[in-house]
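Each chain is listed here by its residues.
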Amino acid sequence: MTYAIIETGGKQIRVEPGRFYDIELLAIEPDEKVTIDSVLLVQHDGEVTIGQPLVTGATVEGTVMRHYRGRKVLVYKMKPKKKTRKKRGHRQEITRLMIDSITLNGEVFAFEGETEKETPVLDETPTEEVETAAE
């Protein structure tokens, strides 16, 4: 299993090729490609590459799926016996990002979907039964 830890929007996220993640808003239109260079760690087949602070030559490529707003968070402040109340809400702008591939020093680790198992094709032709007429 291949994964990377990237930094975007002030947060660190563990990403894998072929999966989508919700991150802070990116100023990129939907269905456009994005390349993230701030890769902190790459793991591929048990081999771990850790950056100091970033891994040199590592990038993560993805496609922006859509932009939307997160759930509303309510902030309610009240001081008892003072008749002071404040109610505020906040909705975070979110970008849904599909991770296409992780690249490390020119080697691309992309998502290999479940390959369909091919059924073996037999070379034999079906035998036809010949009806013999009773005379």
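Within each chain, residues carry numbers counting from 1 in the order of the written sequence. Per-residue local features of the predicted model are confined to residues with pLDDT of at least 70, and side-chain atom pairs are confined, for both listing and counting, to 80 or more; whole-chain, interface and lining totals are unaffected and use all residues. Computation of side-chain values: all heavy atoms of the structure, hydrogens and water removed.

Filter applied, for reference: UniProt positions are given in the numbering used here, feature names are shortened, and annotations may be inferred rather than shown by experiment.
As annotated in an unreviewed UniProt entry, the protein carries the name Large ribosomal subunit protein bL21 and is attributed to Nostoc commune NIES-4072. Its UniProt record, at the heading Sequence similarities (unreviewed entry), says of the protein: "Belongs to the bacterial ribosomal protein bL21 family."

### Brief notes about the layout of surface pockets
Selection criterion: Points on a 1 Å grid, built from protein atoms alone, make a cavity when a 1.4 Å probe fits but cannot get out and make a pocket when they are open with protein on both sides within 12 Å along at least 5 of 7 lines; residues with an atom within 4 Å of a point are the lining residues. Grid points are joined across faces, edges and corners, and a volume is the space filled by probe spheres set on the points. Under the convention adopted here, Pro, Cys and the residues Ala, Val, Leu, Ile, Met, Phe, Trp and Tyr are nonpolar, Asp, Glu, Lys and Arg are charged, and Gly plus all remaining residues are polar.
In this structure, the largest pocket spans a volume of roughly 150 Å³. In terms of lining residues, the largest pocket is bounded by Met1, Thr2, Glu16, Pro17, Ala110, Phe111 and Glu112. The class makeup of the residues in the lining of the largest pocket is 4 nonpolar, 1 polar and 2 charged.

### Examining the packing of aromatic side chains
Rules: Side-chain rings of Phe, Tyr and Trp (the six-membered ring for Trp) are treated as a pair once their centres are within 6.5 Å; stacked means planes under 30 degrees apart, edge-to-face means over 60, and tilted covers the remaining angles. Only when the NZ atom of a Lys or the CZ atom of an Arg is both within 6 Å of the ring centre and within 35 degrees of the ring normal do we say a charge sits over the ring.
Under the definition given, this model contains 0 aromatic pairs. It is Arg14 that lies over the ring of Tyr3; its NZ or CZ is 4.0 Å from the centre. Across from the ring centre of Tyr68, 4.3 Å away, lies the NZ or CZ of Arg66, which sits over that ring.

### A look at the pattern of salt bridges
When the charged atoms of two side chains with opposite charge come close together, those side chains can pair. Rules: By salt bridge we mean one thing: a side-chain nitrogen of Lys or Arg within 4 Å of a carboxyl oxygen of Asp or Glu. Here a helix means four or more residues in a row that DSSP labels H or I, a strand means two or more in a row labelled E, and each is numbered from the N terminus. Partly exposed describes any residue whose relative accessible area lies between the buried limit of under 20% and the exposed limit of over 50%, with all areas from a 1.4 Å probe on protein chains only and scaled to the type maximum.
On inspection of all chains with the given rule, the structure shows 5 salt bridges. Between Asp100 and Lys33 there is a salt bridge; the shortest N-O distance is 3.2 Å. Of this pair, Asp100 sits in strand E8 (residues 84–104) while Lys33 sits in strand E4 (residues 33–36), placing them 67 residues apart in sequence. Given a relative accessible area of 63%, Lys33 falls into the exposed group. Salt-bridge contacts for Glu93 lead to Arg69; the nearest nitrogen and oxygen are separated by 3.2 Å. With Glu93 in strand E8 and Arg69 in strand E7 (residues 58–79), the pair connects residues that are 24 residues apart, well separated along the chain.

### Focus: the sheet that holds strand E6 (residues 47–50)
Formally: Strands were regarded as paired on the criterion that DSSP finds at least two bridges between them. Convention adopted: a line fitted to C-alpha atoms gives each axis, helices being fitted over their contacting stretch, and angles between N-to-C directions are expressed from 0 to 180 degrees.
Strand order in the open sheet formed by 4 strands is E2-E1-E5-E6, with antiparallel pairing between adjacent strands. Edge positions in the open sheet fall to strand E2 (11–15) and E6, since each of these has one partner strand only. The average angle at which neighbouring strand axes cross in this sheet is 15 degrees, direction not considered. Examined bridge by bridge, strand E5 (residues 39–44) and E6 share 4 bridges and lie antiparallel to one another. In the sheet register, Gln43 faces E6, and the bridge partner there is Val48.

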